[in-house]
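Descriptive analysis of the structure
Listed below, chain by chain, are the residues.
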Amino acid sequence: MTDVLVSPRTVPLRRPWGADVPSNHLLKVEVRLADGRTGTGFSWTPQIGARAVQALLEDEVRAFVVGREPNPGVLWDLLWRHLREAGGGGLTTIAMAGVDLALWDLRCAGASLADALGRRRASVPVYGSGVNIHYSLDELVAQAGRWKAAGYPAVKVKVGLPSLAEDVRRVAAVREVVGPDVLLMVDANQRWDLPSARRAIAALVEFGLYWVEEPLPADDIGAQARLRESVPVPIAVGESAYTVYDFRDLLVAGACDIVQPNVVRVGGLTPLLRIAELARTFDVPTFPHLLPEVSGQVAMALPLPCMVEEVEDASFAALGVLAEPYPVKIVDGELSTAGNPGLGLIWR
């Protein structure tokens, strides 16, 4: 590699994720090789840390990778060890993702990412998702109606309000809108403690929950395992886990039924694929978190069936940072690849 170039951009969300999250931060990362080829990836953070990630990329990461061979797996291991003093996950892995994704963009050699990984299925189901805990009940019901009209086979809403009765009222209203045949998931975003989670799940189980996501603080693996043993609803975790060791500990503890690695937070495609293979040995499926333009292509190649998350109006295409043709298309609740080479992201 001869250079790493970083282009930052803050993108307003069409539907803010709350008063403190009006936009997402995107860092386009371009890797250049001596033979003139380039690969483009990205780092991403919805709220904080973008300038710190940029500084890591332009300083420590660039200095370390220039002059090295562009092999994603080999370079990932070397770079992770190099950055370890600054932390094994978080800012470091988010920065690493930009380079790793750029190298995978190159590694596809003209094929789409789904095909380069080894496509196992022609399409994957999509679930409608919303960062909507701040929505009024009317706004939430309207959103659920849009998902139903779009043909999504599953939907997910936020829970964890101070009033459990209000959570119950909102989930009941969504179930009423989407009907009995649509899968319904809830996401607490770590807002409960163990007794609260048990009470909440007992109150919500009548709505046929397909899973409960991040019910407890992400680092409390012991409590996650105790909760999973005591409730009849599958537990999904992983968007706040950063390394393969984090996922190993969750799986060994029996703390989850579904893992949800975010391709940027874990450091790119190289570690995400390792996590998915590890999870398969526990017969636990991997449902990639957010970023459907990349996650959807990965999902088409994963060993166990899964679904793809589409947060309303928050994909890169919806935010206007991509030019057509987009790398994936969603029709009647199913995602398929458009066949663009590499990651397939044509940045505006």
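For the structure, check the block above.
Figured I'd write up the structure that's included with this text. Every chain is numbered independently, its residues counted from 1 as its sequence is written. A pLDDT threshold of at least 70 governs which residues receive local features in this predicted model, and a stricter bar of 80 or more applies before side-chain atom pairs are shown or counted, although totals over entire chains, interfaces and linings include all residues. Hydrogens and water are ignored here; the side-chain numbers use all heavy atoms of the structure.

1. Details of the overall build of the protein chain
For the purposes of this entry, the term helix denotes a DSSP run of H or I that reaches at least four residues, the term strand denotes a run of E that reaches at least two, and both are numbered from the N terminus. In terms of regular secondary structure, the protein chain is built from 11 helices and 12 strands. Against the compact-globule benchmark of 20 Å for 348 residues, the protein chain has a radius of gyration of 20 Å, which places it among compact chains. Reported as C-alpha extents along the three principal axes, the dimensions of the protein chain are approximately 60 × 40 × 40 Å. Each residue's exposure class comes from its accessible area (1.4 Å probe, protein chains only) as a fraction of the maximum for that residue type: buried when under 20%, exposed when over 50%, partly exposed otherwise. Expressed as a percentage of the 348 residues in the protein chain, the buried residues total 56%. Here the contacts in the protein chain between residues at least 6 apart in sequence split such that 68% fall between residues at least 24 apart. In this description, accessible areas are obtained by the Shrake-Rupley approach with a 1.4 Å probe, and a residue is regarded as covered only by the protein chains that are shown. Surface exposure of the protein chain reaches about 14,000 Å², of which carbon and sulfur atoms provide 51%. It is over C-alpha atoms that the radius of gyration is taken, and the globule rule equals 2.2 Å times the number of residues to the power 0.38. Residues are treated as being in contact if the distance between any of their heavy atoms lies within 4.5 Å.

2. Quick look at the packing of helix α2 (residues 72-83) against helix α3 (residues 91-107)
Where α2 meets α3, the axes come as close as 10 Å, and the angle between the chain directions of the two elements is 165°. Classified by the angle their axes make, α2 and α3 are roughly antiparallel. Like other packed secondary-structure pairs, α2 and α3 cross with a definite hand, here right-handed. Mapping the contact onto sequence places Pro-72, Leu-75, Trp-76, Leu-79, Trp-80 and Leu-83 in α2 and Thr-92, Thr-93, Met-96, Val-99, Asp-100, Leu-103, Trp-104 and Arg-107 in α3. Nonpolar residues are Ala, Val, Leu, Ile, Met, Phe, Trp, Tyr, Cys and Pro. Charged residues are Asp, Glu, Lys and Arg, and all others, Gly as well, are polar. A breakdown of the residues in the contact of α2 with α3 according to their chemical character gives 10 nonpolar, 2 polar and 2 charged. Axis angles are defined between N-to-C directions and span 0 to 180 degrees, where every axis is a line fitted to C-alpha atoms and, for a helix, only to the segment in contact. An angle counts as roughly parallel when it lies under 35 degrees, as roughly antiparallel when it exceeds 145, as roughly perpendicular when it falls between 65 and 115, and as oblique in every other case. Left-handed describes a crossing in which the near helix is turned anticlockwise from the far one by less than a right angle; the clockwise case is right-handed.

3. Remarks on the sheet that holds strand β3 (residues 38-45)
Here, strands pair whenever DSSP counts at least two bridges between them. What the 3 strands build is an open sheet, ordered β1-β2-β3; its pairing is antiparallel. Sheet topology places β1 (3-12) and β3 at the edges, where each strand pairs with a single neighbour. Across the sheet, the mean angle separating the axes of adjacent strands is 20° when strand polarity is ignored. Here 8 bridges tie strand β2 (residues 23-32) to β3, and the two strands are oriented antiparallel to one another. Among the inter-strand pairings, Leu-27 is bridged to a residue of β3, identified as Ser-43. Packing against the sheet, helix α1 (residues 50-65) makes contact with β1, β2 and β3, and its axis sits at approximately 170° to β1.

4. Some remarks on the nonpolar core
To qualify as a nonpolar core, a set must consist of buried Ala, Val, Leu, Ile, Met, Phe, Trp, Tyr and Cys residues joined through side-chain atoms within 4.5 Å. Ranked by size, the top nonpolar core spans 116 residues in total, and within it Phe-42, Leu-57, Val-99, Val-171, Trp-192, Val-264 and Phe-316 carry the most contacts. What Val-264 contacts, discounting residues up to four positions off in sequence, is Phe-42, Ser-43, Trp-44, Thr-93, Ile-94, Ala-97, Leu-101 and Leu-291.

5. Concerning helix α7 (residues 194-204)
Restricting attention to buried positions, one finds in α7 the residues Leu-194, Ala-197, Ala-200, Ile-201 and Leu-204. For α7, the angular spread of the buried residues around the axis is 125°, confining them to a single face. What points out from α7, more than 90 degrees from its buried face, is the exposed set Arg-199 and Ala-202. Residues of α7 that are buried sit in contact with α6 (164-178), β7 (209-213) and α8 (221-230). Summarising the geometry, the arc corresponds to the directions from the helix axis toward the C-beta atoms.

6. Observations concerning the pattern of salt bridges
Whenever a carboxyl oxygen of Asp or Glu lies within 4 Å of a side-chain nitrogen of Lys or Arg, that contact is scored as a salt bridge. Tallying each qualifying case throughout the model produces 18 salt bridges. For Lys-156, the salt bridge goes to Asp-187, with nearest N and O atoms at 3.9 Å. Residue Lys-156 is found in strand β5 (residues 154-158), and its partner Asp-187 is found in strand β6 (residues 183-187); the two are separated by 31 residues along the sequence. Classification of Asp-187 as buried rests on a relative accessible area of 0%.

7. Points about the layout of surface pockets
Rolled over the atoms, a probe sized like a water molecule indicates the empty space that remains. Here the term cavity refers to a set of points on a 1 Å grid, laid over the protein atoms alone, in which a 1.4 Å probe fits but cannot get out; the term pocket refers to an open set having protein on both sides within 12 Å along at least five of seven lines, with lining residues being those that place an atom within 4 Å of a point. Grid points are joined across faces, edges and corners, and a volume is the space filled by probe spheres set on the points. What the largest pocket holds in volume is close to 650 Å³. Lining the largest pocket are 29 residues, and of these Trp-17, Pro-46, Gln-47, Glu-239 and Arg-265 sit closest to its centre. Contributions of two or more residues to the lining of the largest pocket are made by β3 and β10 (308-311). Looking at side-chain class alone, the lining of the largest pocket contains 11 nonpolar, 9 polar and 9 charged residues. Taken as a whole, the second largest pocket spans an internal volume of roughly 330 Å³. Together, 18 residues line the second largest pocket, and Tyr-152, Glu-310, Asp-313, Ser-315 and Ile-330 are the ones closest to its centre. Taken together, the elements giving at least two residues each to the lining of the second largest pocket come down to α5 (137-150), α11 (292-299) and β11 (328-331). Taken together, the residues that form the lining of the second largest pocket break down as 9 nonpolar, 2 polar and 7 charged.

These figures capture arrangement, not role.
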